[in-house]
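Here is how the chains run, residue by residue.
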Amino acid sequence: MTDVVVAVEQPNGVKQLLQRDASVAFLAGGLAGAISRTVVSPFERVKILLQVQSSSESYGGGVTSAVRQIYQEEGVKGLFRGNGLNCIRVFPYSAVQFLVYEGCKKYMFHVDDRNTDQRLSTAQRLFGGALCGGASVFATYPLDLVRTRLAIQTANLRKLQKAKANSIAKPPGVWQVMRATYLQEGGIRGLYRGVWPTNLGVVPYVALNFCVYEQLREFVPTNGDTGSSSMYMLAIGAISGGVAQTATYPFDLLRRRFQVLAMGQSELGFKYSGVIDALITIGKTEGVRGYYRGLTANLFKVIPSTAVSWLVYELARDSLRKL
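Just so you know, these numbers come straight off a predicted model, no measurement behind them. All residue numbers here refer to positions counted from 1 along the written sequence of the relevant chain. Under the rules for a predicted model, residues below a pLDDT of 70 receive no local features and side-chain atom pairs below 80 are neither given nor counted, while totals for whole chains, interfaces and linings still include all residues. The basis for every side-chain value is the complete set of heavy atoms in the structure, and neither hydrogens nor water enter the calculation.

## As for the nonpolar core
Nine residue types can take part in a nonpolar core, namely buried Ala, Val, Leu, Ile, Met, Phe, Trp, Tyr and Cys, and a core is a set of them joined through side-chain atoms within 4.5 Å. Using a 1.4 Å probe on the protein chains alone, a residue whose accessible area is under 20% of its type maximum counts as buried, one over 50% counts as exposed, and one in between counts as partly exposed. With 38 residues, the main nonpolar core has Val 137, Val 146, Val 206, Phe 210 and Tyr 313 as its most contacted residues. Each helix corresponds to a stretch of at least 4 residues labelled H or I by DSSP, and each strand to a stretch of at least 2 residues labelled E; elements are numbered beginning at the N terminus. Sorting the residues of this core by element identifies α1 (2-39), α4 (83-108), α5 (122-153), α7 (174-184), α9 (195-217), α10 (226-260) and α14 (295-321) as the ones contributing at least two each. Aside from chain neighbours lying at most four places away, what touches Val 137 is Tyr 93, Val 195, Thr 198, Asn 199 and Val 202. Leu 253, Leu 254, Leu 261 and Leu 295 belong to the second-largest nonpolar core, a separate cluster that totals 10 residues. In what follows, a contact means two residues having at least one pair of non-hydrogen atoms within 4.5 Å.

## Looking at α4
Take the residue count of a helix, subtract one, and multiply by 1.5 Å to get its expected span. Here α4 spans 35 Å end to end across 26 residues, near enough to the 38 Å set by a 1.5 Å rise per residue. Along α4, the sharpest change in direction is near 25 degrees and occurs at Val 90; proline Pro 92 comes one to four residues later. Given a residue, its bend is the angle between the two axes fitted to the seven residues that end at it and to the seven that start from it.

## Focus: α7
All of the buried residues along α7 are Val 177, Met 178 and Thr 181. Seen from one end, α7 has its buried residues packed into an arc of 95 degrees, which puts them on one side. Exposed positions of α7 whose direction lies more than 90 degrees from the buried face are Trp 175, Gln 176, Arg 179, Leu 183 and Gln 184. The arc under discussion is defined with respect to the helix axis, by the directions toward the C-beta atoms.

## Brief notes about the side chain of Ser 36
Examined against the element boundaries, Ser 36 turns out to sit in helix α1. For this analysis, a polar contact is any N or O atom pair within 3.5 Å, provided that within protein one partner can donate a hydrogen and the other can accept it, and provided that sequence-adjacent residues contribute only side-chain to side-chain pairs. A distance of 3.1 Å separates a polar side-chain atom of Ser 36 from the backbone oxygen of Gly 33. Not counting chain neighbours up to four residues away, the residues in contact with Ser 36 comprise Ser 305, Val 308 and Ser 309.

## Quick look at the state of the cysteines
When two cysteine sulfur atoms are found within 2.5 Å, that pair is recorded as a disulfide. Throughout the structure, instances matching the rule amount to 0 disulfides. Take Cys 132: it sits in no disulfide, and the sulfur closest to it among the cysteines is that of Cys 104, at 7.1 Å.

## Regarding the packing of aromatic side chains
Side-chain rings of Phe, Tyr and Trp (the six-membered ring for Trp) are treated as a pair once their centres are within 6.5 Å; stacked means planes under 30 degrees apart, edge-to-face means over 60, and tilted covers the remaining angles. Under the definition given, this model contains 13 aromatic pairs. Geometrically, the ring pair formed by Phe 26 and Phe 91 is edge-to-face, given 6.2 Å between the ring centres and 70 degrees between the ring planes. Linking Phe 26 in helix α1 with Phe 91 in helix α4, this pair joins segments that are 65 residues apart in sequence. Looking at Phe 26, the relative accessible area reads 30%, which means it is partly exposed. When its relative accessible area of 29% is taken as the criterion, Phe 91 is described as partly exposed. Centroid distance Tyr 141 to Tyr 192: 5.7 Å. Interplanar angle 20 degrees. Geometry classified as stacked.

## A few points about the pattern of salt bridges
By definition here, a salt bridge exists when the distance from a side-chain nitrogen of Lys or Arg to a carboxyl oxygen of Asp or Glu is within 4 Å. Tallied over the entire structure, the rule returns 15 salt bridges. The shortest N-O distance in the salt bridge between Lys 105 and Glu 102 comes to 3.5 Å. Of the two residues, Lys 105 and Glu 102 are both situated in helix α4; the distance of 3 residues between them amounts to about one turn of the helix. Residue Lys 105 shares its accessibility class with Glu 102, and that shared class is buried. Glu 218 is the partner of Arg 125 in a salt bridge, and the nearest nitrogen-oxygen pair spans 2.5 Å. Pair noted here: Arg 125 is in helix α5 and Glu 218 is in the loop between α9 and α10, with a separation of 93 residues, a long-range link. According to the relative accessible area criterion, Arg 125 is buried, its value standing at 3%. Ionic contacts of the salt-bridge type, sharing partners, join the residues Glu 102, Lys 105, Arg 119, Arg 125, Glu 214, Arg 217, Glu 218, Glu 314, Arg 317 and Asp 318 into one network.

## What to know about the environment of Ala 180
Residue placement: Ala 180 occurs in helix α7. The spacing of Ala 180 and Gly 190 is 10 residues in sequence and 9.6 Å in space, taken between C-alpha atoms.

## Some points on a nonpolar patch on the surface
Residues forming no salt bridge and having over 30% relative accessible area are the ones grouped into patches, like charges within 9 Å of each other and nonpolar side chains (Val, Leu, Ile, Met, Phe, Trp, Tyr) within 5 Å. For the accessible areas, the method is Shrake-Rupley and the probe is 1.4 Å, while residue cover comes only from the protein chains on display. Judged by side-chain polarity, Tyr 107, Met 108, Phe 127 and Leu 131 come together as a nonpolar surface patch covering roughly 400 Å² of accessible area. Every element with two or more residues in the nonpolar patch is listed here: α4 and α5. In this fold, Leu 131 is placed in helix α5. Classification of Leu 131 by relative accessible area gives partly exposed; the value is 38%.

## Describing unusual backbone geometry
Of note, the phi angle at His 110 is positive, near 55 degrees, even though the residue is not glycine. Positionally, His 110 belongs in the loop between α4 and α5. Judged by relative accessible area, His 110 falls into the exposed class, the value being 58%.

## Some details on the confidence of the model for the chain
By definition, pLDDT measures how confident the predictor is in each residue, and it falls between 0 and 100. Confidence along the chain averages 80 in pLDDT terms, with 80% of residues attaining 70 or more. Per-residue pLDDT stays below 50 along residues 1-11; that stretch engages in 0 contacts with residues further than four places along the chain or on separate chains.

Structure representation (structure tokens):
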């Protein structure tokens, strides 16, 4: 009789364990994303502003000068404009990334990260990272598009500001922008404007980020104290984010420009018929530097953001597993 009970209850225990691991990855990943993006929110906004202007007439004094200018024009609130929506977007974005990646390790490659003798190959890390990057984009893209548009509405992009001054007395909110985009730009298609160049940038970025981080993670001493381990994780998280972002940055720039293209092509100073046309046009009109406009601001954001994200994820995951 006892044997029968054990046979029936064992699968339920395994199911609960799997469900618990999925919940831990989702919650820890979401928390990591929200905290890390809030820390670097001012640099995120500056990066977007630099990306979507075709000339540097409005913010031409560098990253710190742009942050100072936003503060002078809009106050502290301006530095964090759009961050609430960013956290709403980043929580599921980051959560889906870590959930899918941990799922790939467990179900596709049969690797348990608790077992230090089991490690993914470089190809497996790249594939898992690419898969989780694509999944997170499709899950949260409309919020990313709206956040980008909110970030530039009150900015000092002079031509855009002048053209819109008479028609917009007060910048619309999140749901107003989302509703207007849906109704005026082709429904769901409008909400996913720029999703393909986004994937071209995000998928290889996330793949490289996860791959480089996990490769460097193997060199972190396992017998050190908590403080030393945290410093190691911050360092390798910063390296992985910096390498991945620099390698894929031109596509991140394309993502932002396609997201705001419908807001005023003549005012913003660019017009593209597709990804290839955009790459060619930027090269002709802005030179090689045009592909990397806003990179410095982005690295100010990405390096600490990725470092904090990986650290928070690992600490939160370990803590949740002990509950």
